[in-house]
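Results of the structural survey
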Amino acid sequence: MAEKIKDTFLEDKSEALRTLCLILHNKYNVSISSTAEGIGLRVTYYSDFLTSRRKNLKRKNLHLIETFIFDLYEPLLVVEMKLNRIKIPEDKTLFVI
């Protein structure tokens, strides 16, 4: 049961962050390669995430993406989250990054 909840959390968080990243790249012309490099991920790994070839990332990588995009684009993302009814699920478990 706990494993199912964990999988659902990662799926939901991955999908919300994927959607926000795609909005940044498609609507605001934010560079995919610059974003991947800024996060510290390989461009192909990040691109696979964006295109859903890599469905769910590890918690650590999701955290890196979330932190990076919100540090740079929080005002835009808050507006887009309201417009598109996107909610990023909160992790209720403790973990070390």
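What you are looking at is a predicted structure, and each value in this text was computed from that prediction instead of being measured.

So, on to helix α2 (residues 32-39). When α2 is considered as a whole, its buried residues turn out to be Thr35, Ala36 and Ile39. Seen along its axis, α2 keeps its buried residues to an arc of 95°; they face one direction. Downstream of α2 by a residue or two, glycine 40 has a phi angle that is positive, lying close to 95°.

Turning our attention to the nonpolar core. In terms of nonpolar packing, the biggest core is built from 26 residues, with Leu20, Tyr46, Phe49, Ile65, Ile69, Phe70 and Ile88 touching the most fellow members. For this core, the secondary structure elements donating two or more residues are α1 (2-27), α2, α3 (43-50) and α4 (59-84). When residues in this core are grouped by element, the largest group, eight residues, is from α1. Beyond its immediate chain neighbours, meaning those up to four positions away, leucine 20 contacts Ile69, Phe70, Leu77, Met81, Ile86 and Ile88.

Rules used in this analysis
- Residues numbered from 1 in each chain as written.
- Predicted model: local features only at pLDDT ≥ 70, side-chain atom pairs only at ≥ 80, totals over all residues.
- Heavy atoms only, no water.
- Buried < 20%, exposed > 50% of the residue type's maximum accessible area, 1.4 Å probe, protein only.
- Helix = DSSP H or I, 4+ residues; strand = E, 2+ residues; numbered from the N terminus.
- Arc of directions from axis to C-beta.
- Core = buried A, V, L, I, M, F, W, Y, C linked by side-chain atoms within 4.5 Å.
- Contact = heavy atoms within 4.5 Å.

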